[in-house]
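Spelled out from the first residue to the last, the chains are:
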Amino acid sequence: MKAAGLFLLFFLSHQSVEAHNIEAQSWVLFKTPSGEILDAFEPDKRFSPASLTKVLTAYVVFKEIKEGRLSLRTQIEVPALVLQTRPGESQMQLKPGEYISIRELLKGLIVVSANDAALTLANHVGGSLKRFVGMMNLAAQEIGMQNSSFVNPTGLFAFGHYSTARDLMKLAQAISQKHPEYFEYSSLPELTYNKFRKKNTNELLGSSTAVDGMKTGYIKASGWCVMISAKKALAKGGERTIAVVLGSPSHQKRIQAGRELIRRGLEASAELD
């Protein structure tokens, strides 16, 4: 009897793996603006969101622009704070004292996940990192991210810095509805700034004409993560299919997971049309 029970447990577990075929610890696939969830696995499991944090950083900046307190054309001074970035971190090689526009900083933040861009934006918009992080958490609450807490604008590991696939879904939905200009940046194939040049960190761009980015992330504590958006050419009213994948074991596995989920989502959308 015990052996039969163990066999049944193995069968059900194997069946679940076969059904999902996604190598990640958590994910959500959904449609926006409806918010309809098409598929999900452990959506409320807490993770360090790595650089998916920068989607919220961008959200706060776009919010300030929309409300007239900031302009894309504004030139701001790069603070000495950027010297805190270490060689292994993503950056766009900003130098303290140079001036750069909000627009270029957003490109660096979204296209190549630049930590120095995140620090420069946060310092200017908030007046200090601490105040900007407060703005991030307030925005998260307004969005309805009830199982999230943010400690920095970059996504580097910190105790008390966490989110979930479901909460990140809410963030993706909010930014796609309130600040769709985000996709003008996330769909750029590369960033060129002075002598710095780097391809978009999201390798799923170009894999389908429907894919227009959102964000990638990785730190050791979280594994490989991706937030990926696709919009059909004739989609109405900002309709998108978006997948949030957390805790993949490798870069390639997160790409495979994102591609597979988006494929399923687009097929489901076609069936519903």
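The paragraphs below set out a description of the structure included in this document. Quick caveat: nothing in here was measured; it's all calculated off a predicted structure.

So, about the overall build of the protein chain. Per the secondary structure count, the protein chain includes eight helices and nine strands. Within the protein chain, the fraction of its 273 residues that count as buried is 53%. Restricting to contacts in the protein chain with at least 6 residues of sequence separation, those with at least 24 account for 63%. Total accessible area on the protein chain stands at roughly 13100 Å², and carbon and sulfur atoms take up 54% of it.

Time to look at the packing of helix H2 (residues 53-66) against helix H4 (residues 115-126). In contact at an axis separation of 11 Å, H2 and H4 are set at 40° when each is read in the N-to-C sense. Judged on the interaxial angle alone, H4 and H2 are oblique. The interaxial crossing formed by H2 with H4 has left-handed handedness. Here H2 contributes Lys-54, Val-61 and Glu-64 to the contact with H4, which in turn contributes Asn-115, Ala-118, Leu-121 and Val-125. Taken together, the residues of the contact of H2 with H4 break down into four nonpolar, one polar and two charged.

In this structure, strand E1 (residues 26-32) lies alongside strand E2 (residues 37-41), joined through four bridges in antiparallel fashion. Looking across to E2, one finds that Phe-30 is bridged to Ile-37. From the end of E1 to the start of E2, which pair antiparallel, there are four residues, and Gly-35 there has a positive phi angle of about 80°.

Bringing the pattern of salt bridges into the picture now. A complete count under the given rule lists 13 salt bridges for this structure. With a closest N to O distance of 3.5 Å, Asp-39 and Arg-264 form a salt bridge. Residue Asp-39 is found in strand E2, and its partner Arg-264 is found in helix H8 (residues 251-272); the two are separated by 225 residues along the sequence. Residue Asp-39 shares its accessibility class with Arg-264, and that shared class is buried. Arg-263 serves as the salt-bridge partner of Glu-267, at 2.8 Å between the closest nitrogen and oxygen. Of this pair, Glu-267 and Arg-263 both sit in helix H8, separated by four residues, roughly a single helical turn. A relative accessible area of 41% means that Glu-267 is categorised as partly exposed. Salt bridges sharing partners connect three or more residues here, namely Asp-39, Glu-260, Arg-263, Arg-264 and Glu-267.

Parameters and conventions
- Residues numbered from 1 in each chain as written.
- Predicted model: local features only at pLDDT ≥ 70, side-chain atom pairs only at ≥ 80, totals over all residues.
- Heavy atoms only, no water.
- Helix = DSSP H or I, 4+ residues; strand = E, 2+ residues; numbered from the N terminus.
- Buried < 20%, exposed > 50% of the residue type's maximum accessible area, 1.4 Å probe, protein only.
- Contact = heavy atoms within 4.5 Å.
- Areas by Shrake-Rupley, 256 points an atom, 1.4 Å probe, with all protein chains shown as cover.
- Axes fitted to C-alpha atoms, helices over the stretch in contact; angles between N-to-C directions.
- Parallel < 35°, antiparallel > 145°, perpendicular 65-115°, else oblique.
- Left-handed = near helix turned anticlockwise from the far one by under 90°.
- Nonpolar A, V, L, I, M, F, W, Y, C, P; charged D, E, K, R; others polar.
- Pairing = 2+ DSSP bridges.
- Salt bridge = Lys/Arg side-chain N within 4 Å of Asp/Glu carboxyl O.

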